[in-house]
There are 2 protein chains.
Amino acid sequence: MSKTSEGPRIAIHGLGAMGLDIIRILHRRRANIVAGIVRPGSDKEGRRLGELAGVPGLAVTARGDAARALREARPDIVIVTVSTYLDDTQYEVFSTAVKAGADVVTLAEEMLHPFATDSRLARDLDALAKDHRVTVTGTGHQDAYWVNLVSVLAGSTHDLGGVSGRLSWNVDDFGPVLAQLQRVGTTTEEFAHWLTAVERKPTFTYYALHTLADVIGLTPRGPAESITEPVIAQRDTYCKTLGATVERGRLLGYTDTDTLHTKEGVTLSVSSQGKVYEEHETDFNEWRLTDSEGNPTLHLRNSDLKTAHTTCATLVNRIPDVIAARPGIVSIEELPQLRYWTELHHG
Amino acid sequence: MSKTSEGPRIAIHGLGAMGLDIIRILHRRRANIVAGIVRPGSDKEGRRLGELAGVPGLAVTARGDAARALREARPDIVIVTVSTYLDDTQYEVFSTAVKAGADVVTLAEEMLHPFATDSRLARDLDALAKDHRVTVTGTGHQDAYWVNLVSVLAGSTHDLGGVSGRLSWNVDDFGPVLAQLQRVGTTTEEFAHWLTAVERKPTFTYYALHTLADVIGLTPRGPAESITEPVIAQRDTYCKTLGATVERGRLLGYTDTDTLHTKEGVTLSVSSQGKVYEEHETDFNEWRLTDSEGNPTLHLRNSDLKTAHTTCATLVNRIPDVIAARPGIVSIEELPQLRYWTELHHG
C-alpha cells in the first residue's frame, strides 16, 4: 500500500530466526522500520532486510556498526533479539541503544525479570536507562502464556493453593544458539557431566515464575528451585536448525521443572520441555490450578501453538506499552494488560 | 480462626444461589460480612446468613429493609446478585446502596457494559454514583473468560482478523430465575412465538462482545447481531433448579450466537449455549483466533468449568479493584488486570 506509516521509528538488533520473523510481522502492520543491526563481520552485513526476511520493498540495509547506525536512523525503539542472558555482550547491545536515546524491547529471557537474580548489570542498565529517559523491557511468549493468561485465570478462582504449568516447545523453531543451549545431540554422559560441572544459569521459566508471583502479589520464600531431566531420542531424529541427525540414545533436549514457594502458601511450578520434535508433535501450553487443599479447580490449555511465532508477535504488541512506560527497566507486571494493537502507535 | 479481618465491610444484596456461594467464598477468605439483604417478605428474611449458606459462625441476619440495613451496617461495598438487566427494580437496588455511600459490584449481566445500549437508567445511575463518590461495576464469569483471557490471547497474535468463542453453561447451576429466562420446558411453538412476539433484551454475550471490542481498542460498526436457536431435549430430562422434568421435544434451553463487526475489520463472535445438562456434560469455554485472511492462528480452551462458581469467585476478586476505582459506573475495561487476591484489601 502507498499509505506511509506514522508509527514509531523501529530498529531491530539481531537478524536471526526471531529478528526476521519480527520484521515480517512489522512489515505486514506497515510499521516504520528504520534500521537493522547484526554482529560486525556477519555474512548478513550489507544485505537488505527485505531480502533477508523475504518481504518485498524493505530496502533498509543490515549494518554492523550499531552505535553509528542508531545515531543516523534515530529509532524511537530498538528491538533486541540477540541472546538469553544479561551478560557483558548483551549489556553492550542494550546500552548502545539506550545511549542513542531509544527505548528497548527484547526477547532476552533474563530481561523478563532481571531483578529476580542479584544482577549488577541490571542495576547499571536501570540507572543508565533512567539517565537517558528511556525504557527497557523484556517480553515474549512468557508474557502471555506463562504469566498473564495464568494470572487472569487465577483471578476467577475462589481459593488459590497451587499453580502448575506444563509446556513444550520445538528447538528447531528457535535457531542454532538455543539448540546448543538445550544440549541437542549430546550424550547422556555429557549431559550428566554438564549438569554437575557447570554453574547453570537460571532457566527461562525461573524468570517467568518470579514474574507470575509478582503479578499475583505473592512473595517468594526464596529463588525458584529447578530440576532438569534429559529427553532422549528413541530413534534417529533430524534437527533442522543444526542441520544434523540426533542419534538414538542422545539428547533431543531437556525438561526443566521449576518450583517457587511463597510466603502466602501458594506454590507455583512449571515444567518446560524444549526439544527437537518428531513429525506429529506441536507446541502446547497447559495450566492447572488447585485450591489450598490440593483439589483441582481450574484448567487452561492452548493447543497447536507456534511458540517461536507468538514470542515475536507478543513483542510487537508490547511496542506501544514500552514506548508509553516510565524510564528504567520496566518489567511486564508494570505494563498495562497485554492486547492486540491494530495500529502500533497510541491514539 | 480467631483473627479478625481488617478488610472492607461487605454487604450482600440477593441471597439466591449466587449470593450464597459468594458468602461461602467470602467466609473462607475471612472477609468482613456486615449485612445480607433479601426481598421484603422473602422466606429468608430474619434467617442467619451462616445457616442459609451452610457456613458456621456467621450470625448476620438477612433483612428486607435494605435502606435501613445498609445505613446501620455501613458497608464499604454492596454485592448485588438480584437479576440480569438494569430495569427499574434493579435501579432501586443499586441506588439504595449508592445513597448509603457504598461501592457496588454486581453480577447483573447488563452492568458489564451498560452503555452498550442507550440506557437512561445507566446515565442516571452514573450521575448518582458520581454525586455520592462511589463506584458501580458489573463483573462475573464474562470478565475472565469472555473478555480478558481472550484479549490477552489476542495480544500474542501477529494479525487479528477474527475472534470466535463457543461456550456452554448449565441452567441448573444458576437458580430458577435464569431457568425461566432460558425458556426451559417450553415447547418449540411457544419458543418460536416468544422469539417473534417478544421484544427481546440483549443477550449476556452482547455485553461481553462490546466490552471485548473496547478492551482490544476496536470500534463497533453497530450493535452486535444475535441469532437464537433452541436446544431440544432428546429424552425426558430432569431440571433440578425448577424441580420438574423437561419432556422430550421441549426446550432444555437455547443457544445465542452474537456477532459484532468493527470498523477495523475484525469480527468478534460468540456462541453461548445455556441449557439443562444431562449427566455427563460439563461447562467449557473455547476461543479461536483467525488472521485477516481467515486462517486459524491461536486457540484457548477451559474444560470442566463451573461457570456459576467462577462467576462468584471473579466477583470476589474484583472487590479490591472496585473499591480503588474512580466514582461512577466503571466498566471492567477500566479496571487493572484481573488477579487473585490473598487478602481482599489493598496493601
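Rules used in this analysis
- Residues numbered from 1 in each chain as written.
- Chains lettered and ligands numbered in written order.
- Predicted model: local features only at pLDDT ≥ 70, side-chain atom pairs only at ≥ 80, totals over all residues.
- Least-squares fit on C-alpha atoms with pLDDT ≥ 70 in both.
- Contact = placed C-beta atoms within 7 Å.
- Axes fitted to C-alpha atoms, helices over the stretch in contact; angles between N-to-C directions.
- Helix = DSSP H or I, 4+ residues; strand = E, 2+ residues; numbered from the N terminus.
- Parallel < 35°, antiparallel > 145°, perpendicular 65-115°, else oblique.
- Nonpolar A, V, L, I, M, F, W, Y, C, P; charged D, E, K, R; others polar.
- Pairing = 2+ DSSP bridges.
- Domains from an automatic or database assignment.
- pLDDT = per-residue confidence, 0-100.
- Core = buried A, V, L, I, M, F, W, Y, C linked by C-beta atoms within 7 Å.
- Buried ≥ 20, exposed ≤ 12 C-beta atoms within 10 Å, placed from the backbone.
- Left-handed = near helix turned anticlockwise from the far one by under 90°.
- Right-handed = clockwise from strand over helix to strand, strands pointing away.
- Expected span 1.5 Å × (residues − 1).
- Bend = angle between axes of the 7 residues up to and from the residue.

Enquirer: Please provide a residue-by-residue account of the relation of the copies chain B and chain A, values included.
Expert: By a simple turn and slide, chain B fits onto chain A: the slide is 0.0 Å along the axis, the RMSD is 0.0 Å, and the turn is 180 degrees. The relationship between the two copies is best expressed as a two-fold rotation axis. In this assembly the copies share their binding face: 100% of the residues contributing to the interface of chain B also contribute to that of chain A.

Enquirer: Explain the packing of helix α6 (residues 141-154) of chain A against helix α10 (residues 307-324) of chain A to me, using residue names and the numbers behind them.
Expert: Residue and element names in this part refer to chain A. Closest axis-to-axis distance for the α6/α10 pair is 6 Å, and the angle between their directions is 100 degrees. As far as their axial angle goes, α10 and α6 are roughly perpendicular. From α6, His141, Asp143 and Ala144 reach across to α10, where they touch Thr307, Thr310, Thr311, Thr314 and Arg318. Of the residues belonging to the contact of α6 with α10, the class tally is one nonpolar, five polar and two charged.

Enquirer: Could you give an account of the interface of chain B and chain A, with specific residues and numbers?
Expert: With 38 residues of chain B at the interface, the matching set in chain A holds 38 residues. Elements that contribute at least two residues to the side of chain B that touches chain A include exactly α1 (17-28), α6 (141-154), α9 (204-216), β14 (296-305) and α10 (307-324) of chain B. Broken down by class, the residue content of the side of chain B that touches chain A amounts to 16 nonpolar, 16 polar and six charged.

Enquirer: If you had to explain the sheet that holds strand β4 (residues 77-80) of chain B to someone new, which residues and values would you point to?
Expert: Residues and elements named next belong to chain B. Pairing in this open sheet of seven strands is parallel, and the strands run β3-β2-β1-β4-β5-β6-β15 from one edge to the other. Both outer strands of the open sheet, β3 (62-63) and β15 (328-329), are each paired with one neighbouring strand and no more. Here strand β5 (residues 103-106) runs beside strand β6 (residues 135-138); their pairing, made up of three bridges, is parallel. The residue of β6 that forms the bridge with Val104 is Val136. Seen against the sheet, helix α4 (residues 88-99) touches β1 (9-13), β4, β5 and β6 and runs at an angle of roughly 170 degrees to β4. Across the sheet, α10 touches β4, β5 and β6, and the angle it forms with β5 is around 150 degrees.

Enquirer: Go over the domain arrangement of chain A with me, naming the residues and quoting the values.
Expert: Residues and elements named next belong to chain A. One can read the domain layout of chain A as domain 1 (9-138 + 309-334) and domain 2 (142-305). In this complex, domain 1 contributes 16 residues to the contact, which on the side of domain 2 involves 18 residues. In terms of residue count, α10 provides more of the side of domain 1 that touches domain 2 than any other element does, three residues in total. A per-class count over the side of domain 1 that touches domain 2 returns five nonpolar, seven polar and four charged.

Enquirer: Go over the confidence of the model for chain A with me, naming the residues and quoting the values.
Expert: Overall, the predicted model of chain A reaches an average pLDDT of 94, with 98% of residues at or above 70. With pTM at 0.94, the complex prediction returns an ipTM value of 0.94.

Enquirer: Give a description of the nonpolar core that names residues and reports values.
Expert: Among the nonpolar cores identified, the biggest contains 206 residues, and Leu153(A) and Leu153(B) are the most heavily contacted of them. Residues contacting Leu153(B), with those up to four places away along its chain left out, are Ala144(A), Leu149(A), Trp287(B), Leu289(B), Leu298(B) and Leu300(B).

Enquirer: I'd like a rundown of the packing of α6(B) against α9(B), residues and numbers included.
Expert: Residues and elements named next belong to chain B. Packing of α6 against α9 leaves a shortest axis separation of 10 Å and a crossing angle of 30 degrees. Taken together, α6 and α9 sit at an angle that is classed as roughly parallel. Crossing handedness for the pair α6 and α9: right-handed. Between α6, through Gln142, Trp146, Val147, Val150, Ser151 and Ala154, and α9, the contact on the second element is made entirely by Thr205, Ala208, Thr211, Leu212, Val215 and Ile216. Among the residues forming the contact of α6 with α9, the class breakdown is eight nonpolar, four polar and no charged.

Enquirer: So, the pairing of strand β6 (residues 135-138) of chain A: which residues are in play, and what are the values?
Expert: Residue and element names in this part refer to chain A. Judged by which residues are buried, β6 turns out to be covered on both faces: Thr135 and Thr137 on one side and Val136 and Gly138 on the other are all buried. Handedness of the β-α-β unit built from strand β5 (residues 103-106), helix α5 (residues 120-131) and β6 comes out right-handed. Relative to strand β15 (residues 328-329), β6 runs parallel, the two sharing two bridges. By the bridge assignment for β15, Thr135 is matched with Gly328.

Enquirer: Would you mind going over the sheet that holds strand β3 (residues 62-63) of chain A in detail, with residue names and values included?
Expert: All names here are of chain A. A sheet is described by the order of its strands in space; here seven strands give the open sequence β3-β2-β1-β4-β5-β6-β15, paired in parallel fashion. The open sheet has two edge strands with one neighbour each: β3 and β15. Contacts from helix α4 (residues 88-99) reach β1 (9-13), β4 (77-80), β5 and β6 within the one sheet, and its direction differs from that of β4 by about 170 degrees.

Enquirer: Give a description of the environment of Glu333(A) that names residues and reports values.
Expert: All names here are of chain A. As for its placement among the helices and strands, Glu333 is situated in the segment after β15. Once the C-alpha coordinates of Glu333 and His113 are considered, the two residues, 220 residues apart in sequence, prove to be 9.3 Å apart. Residues contacting Glu333, with those up to four places away along its chain left out, are Thr211, Asp214 and Val215.

Enquirer: Just give me the short version of α10(A), but keep the residues and values in it.
Expert: Residues and elements named next belong to chain A. Compared with an ideal rise of 1.5 Å per residue, which puts 18 residues at 26 Å, α10 spans 26 Å between its outermost C-alpha atoms and is within 8% of the ideal. In α10, a bend of some 40 degrees at Arg318 exceeds every other bend along the element, and Pro320, a proline, comes one to four places later. Among the 18 residues that make up α10, 16 are buried, leaving the element largely enclosed by the rest of the structure.

Enquirer: An account of unusual backbone geometry is requested, with residue identities and associated values reported.
Expert: At Arg30(A), a residue that is not glycine, the phi angle is positive and equals roughly 55 degrees. Residue position: Arg30(A) is located in the loop between α1 (17-28) and β2 (32-37). For Arg30(A), a count of 15 C-beta atoms within 10 Å translates into the label partly exposed. For Arg74(B), which is not glycine, the phi torsion reads 45 degrees and is therefore positive. Within the secondary structure, Arg74(B) sits in the loop between α3 (66-73) and β4.

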